[in-house]
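Notes for the structure review
One-letter residues, chain by chain:
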Amino acid sequence: MSKPAGTEESHSLRGPIDRSALITIRDIIDETEPLAKPSLDDYLNPSVLEISLEDGLCEAESGRIDVQWTIRGDYKFHYTDSKGVNFRWGKHPHDGDYIHVPGLEHYHPPPNASSDPNEVEESCIKQSPEALVTRAVLKLWRVAYHNQSYDPLNAGSNPP
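Predicted model, so just to flag it, every value in this text is computed and none were measured.

Some remarks on the nonpolar core
Counting residues in hydrophobic clusters, the biggest one holds 33 residues, and the most contacted among them are Phe 77, Phe 87 and Trp 89. If you list the elements that add at least two residues to this core, you get α1 (19–32), β1 (36–40), β2 (49–53), β3 (63–69), β4 (75–81), β5 (86–91) and α2 (130–147). With seven residues, α2 is the largest single contributor of residues to this core. Look past the residues within four positions of Phe 77 in its chain and what remains in contact with it is Ile 25, Ile 65, Asp 66, Val 67, Trp 69, Phe 87, Arg 88, Trp 89, Val 133, Thr 134 and Val 137.

Regarding the sheet that holds β3
With antiparallel pairing, the seven strands of this open sheet are ordered in space as β1-β2-β3-β4-β5-β6-β7. With partners counted over all chains shown, the strands left at the sheet margins are β1 and β7 (121–122), one partner each. Note that β3 and β4 share seven bridges and pair antiparallel. Within the sheet, the bridge partner assigned to Arg 64 lies in β4 and is Thr 80. Lying over the sheet, α1 contacts β1, β2, β3 and β4, oriented at roughly 160° with respect to β1.

Overview of the environment of Pro 93
Residue position: Pro 93 is located in the loop between β5 and β6 (105–108). Separated by 79 residues in sequence, Pro 93 and Arg 14 place their C-alpha atoms 8.2 Å apart.

Re the packing of aromatic side chains
The final tally for this structure, using the stated rule, is eight aromatic pairs. Ring geometry for Tyr 79 versus Phe 87: centroids 4.5 Å apart, planes at 15°, classification stacked. With respect to burial, Tyr 79 and Phe 87 carry one shared label: buried. Taken together, a centroid distance of 6.4 Å and an interplanar angle of 45° make the contact between Phe 87 and Tyr 107 tilted. Remark: Tyr 107 occurs in strand β6 and Phe 87 occurs in strand β5; sequence separation between them is 20 residues. The two residues Phe 87 and Tyr 107 agree in class, both being buried. The rings of Tyr 79, Phe 87, Trp 89 and Tyr 107 are connected pair by pair, giving a single aromatic cluster.

Reading the values: rules and limits
Residues numbered from 1 in each chain as written. Predicted model: local features only at pLDDT ≥ 70, side-chain atom pairs only at ≥ 80, totals over all residues. Heavy atoms only, no water. Core = buried A, V, L, I, M, F, W, Y, C linked by side-chain atoms within 4.5 Å. Buried < 20%, exposed > 50% of the residue type's maximum accessible area, 1.4 Å probe, protein only. Helix = DSSP H or I, 4+ residues; strand = E, 2+ residues; numbered from the N terminus. Contact = heavy atoms within 4.5 Å. Pairing = 2+ DSSP bridges. Axes fitted to C-alpha atoms, helices over the stretch in contact; angles between N-to-C directions. Phe/Tyr/Trp six-rings, centres within 6.5 Å; stacked < 30°, edge-to-face > 60°.

Structure below.
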């Protein structure tokens, strides 16, 4: 059954990609994270900011974070690495399917970034501006990197 015109799709980012937000995110990462090389997939009409990481978390030799940010402030920061580990932070509608998530901000934990409602958590990232969200993601990734543990990736969240 199709949804009526004008209704939002569940579990998806709303609105077109915000090029200026991706450029802001790229510049912050370029200035603050020495292990990262950010690049837009298309400079004039990007769909994703790809961040190559020279080292991954725990035993991974490399990693990547793909970022999408829309003009409505919805986002995804999706990490994947050479060991096949995935996790992501997101802010977008999820139709209330995630049992432990009261708002739009959520976190899909490693190792597979599952969308199972029992596994998705409330995100510890509550800020909305792209600069603050980016700095929070970088800080959480860097703490996990130094600790060689996935545990601090959603530090400060309310566990299910």
